[in-house]
Structure formats: C-alpha cells, structure tokens
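Remarks on the overall topology
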Amino acid sequence: MDIQQVKQRFGIIGNSHKLDRAIEIALQVAPTDLSVLVTGESGTGKEIIPKVIHHNSARKHNPYIAVNCGAIPEGTIDSELFGHEKGAFTGAYEKRKGYFEVADKGTIFLDEVAELPLETQVRLLRVLETGEFMKVGSSKVQKTDVRVIAATNVDLEEAIAKGQFREDLYYRLNTVPIILPPLRERKEDIYLLFTKFAIDFAEKYSMPPIDLTEEAKIVLESYHWPGNIRQLKNITEQISIIEKKRTIDKNTLLKYLPDYNKPKLPMLYKSKNSLDEKTFLNEREILYKLLFDMKRDIDELKKVIYTIKNDSYTHEEMEKILG
C-alpha cells in the first residue's frame, strides 16, 4: 500500500510534505514490532497513524484497542490496562481481563500517554521490555504479545525534567518517532480540508455546501489554527448551519475566527528552570502589595512618632528626624 492508497482508505486529506513523511514512516515501520511514539499538537489527527500501522502489519487480523489514558481515573487505570482479580479492591466483584490481555497478538494504542501515573508507567515499562504483567491483586506473572503505539501532545522531555514521566519509558516508547505537523504548517491543505468538511456537513444537514470568496480563502489560510484540524472542522460546521448565504466572504469568516489578529510570532523557548508566566505574574503582584503595605506602615509610623514627640520638637525638627 502506498501513500495515496493510505489516504484514500483512511480518509486523510492533504498533500503537504510533512504529512506525507509521517505516513511514509508509518508504512515503513508497520511490518516490524517496534514501539512508535506519535507526537503533535492537539487536534492534528494523531489517532490515524496507529490505525495505518496496525492495518499494514502482520497483526492486522488481531485486536486493535485504542485507550485514552487521560480519560481513565488514576485509581482504575492499572485495572483497565492489566486487569484485576476478584476482591482485589472495593467493587472488584469478579475477575476481569485488562486491555493488554485482550489485545494479545494485536496492537494497543495509548493516547495521551503522558497522563499515566508513575506507578503505571513502571508496569508499562515491564510489558514493553519483557512482555510480562500481573493483574491487580495477583502475584501470578502473565505473558502478552502486544505491539504498543503511544501518542502525546506533551513535551515528554520537559515532563521528564519535572519528574512526571520516566526517562527509561520515554526511550522505550520512542523507538520510532513520528511527528504530525500542526495545521499552520500545512497551509496548502487548509482549503482542501475546509472543502471536504463543507461537503460532509452539506450531506449531513441536507443543504448546499458553503464556499469561500478569494479574500476569505486568504484569511482561512493565514489563520494560526491553535486547535488544528479539529477547530477547522468545528468552525466549518458552525458556518454551514448558521449562515444563510452559501458563499462566505472575508468579514463573515472573521466572525468565527477568534484572535485572528493575534501576533503570529514564534513561541519563545522556555527553559525547564524558568517560572511559568502565571507564577511570575502572581509573585510580582505579591511583591507590589508587600511594598505598598510597607510604605503605608512607614507613613503610619511617622504620624505616631510625630504625635508622641510633637511637644518636644518643632515641626522643622520632626521633618529632619523623619526624613
């Protein structure tokens, strides 16, 4: 299967070089059992890459399970992934298989992997290195043959520096990295995606599809799209439903693009040891308040001293003493 066939099968829209490169790497790594880490901003469509890999691998006829690690409560994540024995914890009324047992011989996709608790990260590392795991409440070691693909929109190296993610797990997951570009780096694909979404929503709501004037196309392609493809899809649906005119001009489109005139400057690098902006602002406000309170206390003290000493010193003498 080549890149164009993959796009047709999985409904991937776009011709940018960075997108094609991500698909190319996915096809190259698919026949192997190497772990893959898919990175990219939220809304870039990272969930498509694991499906491409699985369906082009020798495991394609076996289970494919996608797990959103950020959507599972911390107290139950180990049970969900590795299963539990009856009576292992309150509410464990029966024995249960976890995803790693169910997905044996198949593929498991761990989305938002950075959200895993550190204890669960230890368990995951063991599965990756030995293929072994234990159910919650059991001392019996079980084997599983699962290909792991993970995804995150978090800077894992920064998370490692903060002690929130294990470095050994990062290197084990990141055997093959695949980076999905943000929409602002795929400008040639933005109008293609808009047109596809417009046609889909026209069919869904039984109405003519919307289109853009030339000026509106320029606005669409110059917008920074912080929410990426997900945001573009949502805005296309809003316009399709709300606007009566089917040809959308620049001014109409701008109403749906928040912070369009926000400066599109590159984000400054923030060192791992620097305070985040919110913390900095809070501490600055506290400092200003302390200085203001000190000045007020000094003024009050001057008044008290002046009152006490008023009978002993002239006004001019008190001014010299109090500065």
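As shown above, the structure is provided for reference.
A short tour of the structure in this document, coming up. (Residues numbered from 1 in each chain as written. Predicted model: local features only at pLDDT ≥ 70, side-chain atom pairs only at ≥ 80, totals over all residues. Heavy atoms only, no water.)

Structural notes on helix H2 (residues 17–29)
Its 13 residues give H2 an end-to-end C-alpha distance of 18 Å, which sits within 8% of 18 Å, the value for a rise of 1.5 Å per residue. Turning to H2, its buried residues are Leu19, Asp20, Ala22, Ile23, Ile25, Ala26, Leu27 and Val29. In this fold, the buried residues of H2 make contact with helix H1 (3–10), strand E1 (36–39), helix H3 (48–55), strand E6 (147–152), strand E7 (176–179) and helix H9 (187–205). (Helix = DSSP H or I, 4+ residues; strand = E, 2+ residues; numbered from the N terminus. Expected span 1.5 Å × (residues − 1). Buried < 20%, exposed > 50% of the residue type's maximum accessible area, 1.4 Å probe, protein only. Contact = heavy atoms within 4.5 Å.)

Remarks on the pattern of salt bridges
Scanning the entire structure with this criterion turns up 19 salt bridges. Arg59 is the salt-bridge partner of Asp145, the closest N and O atoms lying 2.8 Å from each other. Pair noted here: Asp145 is in the loop between strand E5 (141–143) and E6 and Arg59 is in the loop between H3 and strand E2 (64–68), with a separation of 86 residues, a long-range link. Assessed through its relative accessible area of 33%, Asp145 is described here as partly exposed. On the basis of relative accessibility, which here comes to 8%, the residue Arg59 falls in the buried class. Measuring nitrogen to oxygen at the nearest pair gives 2.6 Å for the salt bridge that ties Asp200 to Lys196. A residue pair is termed a helical-turn pair when its members lie 3 or 4 positions apart in one helix, as Asp200 and Lys196 do in helix H9 at four residues. Classification of Lys196 by relative accessible area gives partly exposed; the value is 34%. Each of the salt bridges in this network shares a partner with another, and the network as a whole consists of Asp33, Arg59, Lys105 and Asp145. (Salt bridge = Lys/Arg side-chain N within 4 Å of Asp/Glu carboxyl O.)

Side note on the side chain of Asp189
Here Asp189 is to be found in helix H9. Once you skip the residues sitting within four places of it in the chain, Asp189 turns out to touch Gly14, Asn15, Ser16 and Leu19.

As for the nonpolar core
With 29 residues, the main nonpolar core has Leu81, Phe100, Leu110, Val113, Leu124, Val148 and Leu173 as its most contacted residues. Within the residue set of this core, elements represented by two or more residues are E2, helix H4 (77–82), strand E3 (107–111), helix H6 (118–130), E6, helix H7 (156–161) and helix H8 (167–173). Top contributing element to this core by residue count: H6, with four residues. Among the nonpolar cores identified, the runner-up in size contains 24 residues, and Leu183, Ile190, Tyr191 and Val219 belong to it. (Core = buried A, V, L, I, M, F, W, Y, C linked by side-chain atoms within 4.5 Å.)

Details of the sheet that holds E6
Pairing in this open sheet of five strands is parallel, and the strands run E2-E3-E6-E1-E7 from one edge to the other. Here the strands that pair on one side only, and so sit at the sheet edges, are E2 and E7. Strand after strand, the sheet turns through a mean of 20° between neighbouring axes, direction not considered. Where E1 lies against E6, four bridges are found, and the strand directions are parallel. Note that in E6 the partner of Thr39 across the bridge is Thr152. Sheet strands in contact with H2 are E1, E6 and E7, and its direction is about 155° off that of E7. (Pairing = 2+ DSSP bridges. Axes fitted to C-alpha atoms, helices over the stretch in contact; angles between N-to-C directions.)

The values reported here are purely geometric and, on their own, carry no functional implication.
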